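Survey of secondary and tertiary structure
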2 protein chains.
Amino acid sequence: MLEQYHLKYLHKNILEKKYYTIQETALRHFTEQIFRAMGCSEEHAVLSADVLIKADMRGVDSHGVARLSGYVRLWQKGRLNAKPVMRIIHETPTTATVDGDQGLGLVVAPYAMKIAIQKAETYGSGWVAVRNSNHFGIAGYHALMAVEKDMIGYAMTNASPLVTPTFSKERMLGTNPMCYAFPAGKYPPVIIDMATSAAANGKLEIAQRKDLPIPEGWAQTSSGLSSTNPNELKQGGSLLPLGSDRLHGSHKGYGLSATVDILSAVLSGANYGPWAPPFVSYLDPVPDPVGLGLGHFLGAMRADGFRPIADFKQHMDNWITRFKNAEPINKIQPVIVPGEPELVAERERSISGIPIIEDVWDDLKKLAEHLKVDHL
Amino acid sequence: MLEQYHLKYLHKNILEKKYYTIQETALRHFTEQIFRAMGCSEEHAVLSADVLIKADMRGVDSHGVARLSGYVRLWQKGRLNAKPVMRIIHETPTTATVDGDQGLGLVVAPYAMKIAIQKAETYGSGWVAVRNSNHFGIAGYHALMAVEKDMIGYAMTNASPLVTPTFSKERMLGTNPMCYAFPAGKYPPVIIDMATSAAANGKLEIAQRKDLPIPEGWAQTSSGLSSTNPNELKQGGSLLPLGSDRLHGSHKGYGLSATVDILSAVLSGANYGPWAPPFVSYLDPVPDPVGLGLGHFLGAMRADGFRPIADFKQHMDNWITRFKNAEPINKIQPVIVPGEPELVAERERSISGIPIIEDVWDDLKKLAEHLKVDHL
């Protein structure tokens, strides 16, 4: 079963029974149209589509156009502002807090990252906490904005509560991703972009569609018992933190998720822990919020703030070469440098197009009809 | 077996067969004497002892006086400078790189953290990479220096290679700890201080002394096979990253460890990956270093750089209260807020003294004889 899962997750959609393939430009055009139909400005529509398409191109299918109808439903419920007036509400030379005015995280996070980069250009580093935002797509998109300026990029966000702390059966934390991105020289950047749960919710969804049990260590029942049921979350169960159980370090995954929650939401004035607003529109936000919307945390540090950029890049390349050549257990599976699989997907999909599974395809079709936009 | 382990690790030394108990002040005095005998300045001897004693007080026995003879042996081999001249070799208003002049990490890291704090006082945040250092003790000590100034503290270090990347059988990374520490109001600070491996080496050592198998997911053989042998590392095996296997997210633990390695060593000009110098003196450093010594990375951000400090602390307290009250799976084991177990140990040990297991006791006795210092 291990091997079976392994293969499946390296290929994701490719092994789904039925899917459509679409070229990047067509999907991008469609996605921009949807955001325009929501009332987003031209700039925001183009940027939001760019963040989602980047996820699809990089093989992170759970965070691409598969989420488009989710954003639209939040907007229709009045929980998402298509015309946000974002602003800095607190700052020092290298820190700031941004209020996202309930906008799409897809535009609020880049706005905040630009501020972090500007501060880093002047002072060496810049750090921006964000409140009153929504789901920001893939963390890697925002961190890569810093990498393009030869900076180290840092992006995280809290999210709807689905994960239990160690020893608990209550959903207290989101899958709270953290991302670090480092520029390199001749190689593409090293990008660590990871949910702090043992498995992302998207992996359970794949198992659901295939009627396959999930491995132990991903989820637990509402009573806190180990579960292999891919539908466990629908029955009040929860995801487990990275480490899965206490013996294998789940308190570390919980600690990392707590770090993301505090930096993104306690620091910014957003909702933290179980108060974080749900992404799905059929669940109402809690009646007693402790802050505004969802929170993010973004950072940029100039690599040449620590050593000459040529030295840094040369040693990054040496680091990458050495890790690529680390002795593999099995020669058919060499060691992967963080960020490589996403890059491979991006190269493949720029040629062969983006695979869209039938469920998502149908969802996009309905969305197009509903918003009177030409379907793909 | 799960329960058995669980209990054991919550109590650590207490369940060892034979141990001595000693009061903090006596152990501190003894430790200072050892550092003085090495030729450390009065200031450095007091500080180094403080870092080690803090570990023992907080129940992190693997990083306290148990390591004292290790530092002495490195010094005797000429790989540790007892009189370092530390200096900034590169900087911007909020970033710096420090050369530790082969000093004790126990003094180099606090030196670097002070610089980070000073920069944060002026500009909101400060970030210091360190090269040419040695083992810095517990990361939490350094991060807490920032917390005392109402800042968020950040400390990490790379370490001797013992951990394999996902898919590899080659030791490429240390247990590379990362620590985040947050000030609170009425509660003690929240401190996430964790090795990025599934289990720390100290846990294997406990199993060795008790002749107990270790759980699967902690270590693998030199061929990359799953192992339950607590002596596996002595036979060329390796520790596994947090997540244990690919299916449970070992690529995330590997990514976190890589982050620590890059920030601590590639950014600073220290040795990274498999080039990191071994802590044990009987292993020689590699003949082809890529940098100087071991590396650290320290940071401080003013909490009031993001929102008024009273608001931040109030919400930290609310976060802590809510997490302490998260519904437990079993009422006898409430949810733990990161940093609580260390604080409980500190309170207990300030009254009942520090338990020192026989092995360490004998080691300290030999050390005292060797350096002509009065034994405890």
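These numbers come from a predicted model, not from an experiment.

Section: the confidence of the model for chain A
Residues and elements named next belong to chain A. Taken residue by residue, chain A gives an average pLDDT of 94. The fraction at 70 or more is 95%. Scored below 50 in pLDDT, residues 1-11 makes 25 contacts in the model with residues more than four places away or belonging to other chains. We note a pTM of 0.96 for the whole complex and an ipTM of 0.96 for its interfaces.

Observations concerning the relation of the copies chain A and chain B
With an RMSD of 0.0 Å, chain A superimposes on chain B once it is rotated by 180° and translated 0.0 Å along the axis. One copy is carried onto the other by what is essentially a two-fold rotation axis. Identified as the residue of chain A closest to the rotation axis by C-alpha distance is Gly243(A), at 2.4 Å.

Some thoughts on the interface of chain A and chain B
Counting from both sides, the interface comprises 99 residues of chain A and, opposite them, 99 residues of chain B. A buried area of about 8,000 Å², summed over both sides, lies between chain A and chain B, and 67% of it is on carbon and sulfur atoms. If you look at where chain A meets chain B, you find four salt bridges. A salt bridge links Arg322(B) to Glu170(A); its shortest N-O distance comes to 2.5 Å. When residues of the side of chain A that touches chain B are assigned to their parent elements, the largest contribution, eleven residues, is made by helix α8 (residues 250-266) of chain A. Among the residues making up the side of chain A that touches chain B, the classes are represented as 56 nonpolar, 30 polar and 13 charged.

What to know about unusual backbone geometry
One non-glycine residue with positive phi stands out, namely Asp211(A), at about 55°. With respect to the element layout, Asp211(A) can be found in the loop between α7 (201-210) and β8 (219-220).

Looking at the sheet that holds strand β9 (residues 226-227) of chain B
Residue and element names in this part refer to chain B. The strand order β9-β8-β10 describes an open sheet built from three strands, whose pairing is antiparallel. In this open sheet, the two edge strands, each paired with only one partner strand, are β9 and β10 (238-239). Alignment of strand β8 (residues 219-220) against β10, held across two bridges, turns out to be antiparallel. Following the sheet pairing, Gln220 is matched in β10 by Ser238.

Here's the deal with the packing of aromatic side chains
If you walk through the whole model with that rule in mind, you get 24 aromatic pairs over all chains. A centroid spacing of 5.3 Å and a plane angle of 80° characterise the contact between Tyr71(A) and Phe279(A), whose relative ring orientation is edge-to-face. Here Tyr71(A) is found in helix α4 (residues 68-76), whereas its partner Phe279(A) is found in the loop between α8 and β11 (294-302), with 208 residues between them in sequence. Here Tyr71(A) and Phe279(A) have matching classes, each one buried. When the ring of Tyr20(B) is compared with that of Trp361(B), the centres are 4.3 Å apart and the planes differ by 15°; the resulting orientation is stacked. In this pair, Tyr20(B) is assigned in strand β1 (residues 19-22) and Trp361(B) in helix α11 (residues 358-371), connecting sequence segments 341 residues apart.

Quick notes on the nonpolar core
Grouped together as the largest cluster of nonpolar side chains are 102 residues, with contacts concentrated most on Leu263(A), Phe297(A), Leu263(B) and Phe297(B). In this structure, Val108(A), Leu144(A), Met145(A) and Ala146(A) belong to the second largest nonpolar core, which totals 65 residues.

Details of helix α5 (residues 105-123) of chain B
The first and last C-alpha atoms of α5(B) sit 26 Å apart over 19 residues, in line with the 27 Å expected at 1.5 Å per residue. Of the residues flanking the end of α5(B), it is Gly124(B), one or two places downstream, whose phi is positive at about 105°.

Here we look at the pairing of strand β11 (residues 294-302) of chain B
Regular strands place side chains that alternate from one sheet face to the opposite one. Residues and elements named next belong to chain B. Most of β11 is tucked away, with eight of its nine residues classed as buried. Bridging between strand β5 (residues 151-157) and β11 involves seven bridges; their strand directions are antiparallel. When the bridges of β11 are listed, Ile152 appears paired with Met301.

Quick notes on the rules
- Residues numbered from 1 in each chain as written.
- Chains lettered and ligands numbered in written order.
- Predicted model: local features only at pLDDT ≥ 70, side-chain atom pairs only at ≥ 80, totals over all residues.
- Heavy atoms only, no water.
- pLDDT = per-residue confidence, 0-100.
- Contact = heavy atoms within 4.5 Å.
- Least-squares fit on C-alpha atoms with pLDDT ≥ 70 in both.
- Buried area = accessible area lost by both parts, 1.4 Å probe.
- Salt bridge = Lys/Arg side-chain N within 4 Å of Asp/Glu carboxyl O.
- Helix = DSSP H or I, 4+ residues; strand = E, 2+ residues; numbered from the N terminus.
- Nonpolar A, V, L, I, M, F, W, Y, C, P; charged D, E, K, R; others polar.
- Pairing = 2+ DSSP bridges.
- Phe/Tyr/Trp six-rings, centres within 6.5 Å; stacked < 30°, edge-to-face > 60°.
- Buried < 20%, exposed > 50% of the residue type's maximum accessible area, 1.4 Å probe, protein only.
- Core = buried A, V, L, I, M, F, W, Y, C linked by side-chain atoms within 4.5 Å.
- Expected span 1.5 Å × (residues − 1).

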